Amino acid sequence: MSFYDYLYTMITAGIFQTVEFYVFLSVIAAAIVAACAMPARKGAVRTFLYAGNLDCNPAGAVHAEPEITVSCNSDGSVTFLRTALEGVTESGAYSIAVKISGFDVTVEERLTPGYSGDPVAKSATAVADCFGQERYHILYRSEATGRNAALSLNMRPGNSLTRKLL
């Protein structure tokens, strides 16, 4: 073995014995773990607007507290039933804006009160057809009342969830 071979062997073997080498190796390993743990990039937010129907005489029980019921239909659409409306008459309007970013959904309720002499609306319904058969995390917001509800729903026909607006 020549002197240069001996020197090369000693330098490379000596590098594995230093604290700096292991600190550098730990930093590289932490960077790799952090890169693997990063969430997937979300695509652009898609926004859909849907007009709803107001109902002055809903079938079934009258709800005292505001609630939202989300139901999956057999044709792939989703029905949003909002109960216990406050300050909205039959001549008013109910609509929703659905914003989808990956599997996170924000539904913003928009209420227009209408004329004060008209009959009071007790519930409202809107049907959205922008969902695939996946599990979505839904945040329902009512700007008019300042109330929210959050739910996670698997979009399969027949699935339904009801949440109180808090």
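Above this text is the structure in question.
Residues numbered from 1 in each chain as written. Predicted model: local features only at pLDDT ≥ 70, side-chain atom pairs only at ≥ 80, totals over all residues. Heavy atoms only, no water.

Asker: Now, about the sheet that holds strand β2 (residues 53–55): what can you tell me, with residues and values included?
Answerer: The strand order across the open sheet formed by five strands is β2-β7-β4-β3-β10, and the pairing between neighbours is antiparallel. Where the open sheet ends on each side, the last strands, each with one partner, are β2 and β10 (160–164). Sheet twist, expressed as the mean angle between neighbouring strand axes with direction ignored, is 20°. (Pairing = 2+ DSSP bridges. Helix = DSSP H or I, 4+ residues; strand = E, 2+ residues; numbered from the N terminus. Axes fitted to C-alpha atoms, helices over the stretch in contact; angles between N-to-C directions.)

Asker: So, the pairing of strand β9 (residues 147–154): which residues are in play, and what are the values?
Answerer: Inspection of the sheet shows strand β8 (residues 135–142) paired to β9 by eight bridges, in the antiparallel sense. In the sheet register, S142 faces β9, and the bridge partner there is R147. What sits between the antiparallel neighbours β8 and β9 is a turn of four residues, in which G146 has the positive phi angle 75°.

Asker: Now, about a nonpolar patch on the surface: what can you tell me, with residues and values included?
Answerer: A grouping of I15, F16, Y22 and L25 is seen on the molecular surface, where their side chains present a nonpolar patch of about 400 Å² in accessible area. In this structure, F16 sits in the loop between α1 (3–15) and α2 (19–37). A residue is classified by how much of its surface remains accessible, and F16, at 46% relative accessible area, is partly exposed. (Patch = residues over 30% accessible without salt bridge, like charges linked within 9 Å, V, L, I, M, F, W, Y side chains within 5 Å. Areas by Shrake-Rupley, 256 points an atom, 1.4 Å probe, with all protein chains shown as cover. Salt bridge = Lys/Arg side-chain N within 4 Å of Asp/Glu carboxyl O. Buried < 20%, exposed > 50% of the residue type's maximum accessible area, 1.4 Å probe, protein only.)

Asker: Let's hear about the side chain of T83: which residues, and what values?
Answerer: Take T83: it is sitting in strand β4 (residues 78–83). For T83, a relative accessible area of 6% gives the class buried. Ignoring any residue separated from it by four or fewer positions in sequence, one finds T83 in contact with H63, E65, P66, E67, K122 and S123. (Contact = heavy atoms within 4.5 Å.)

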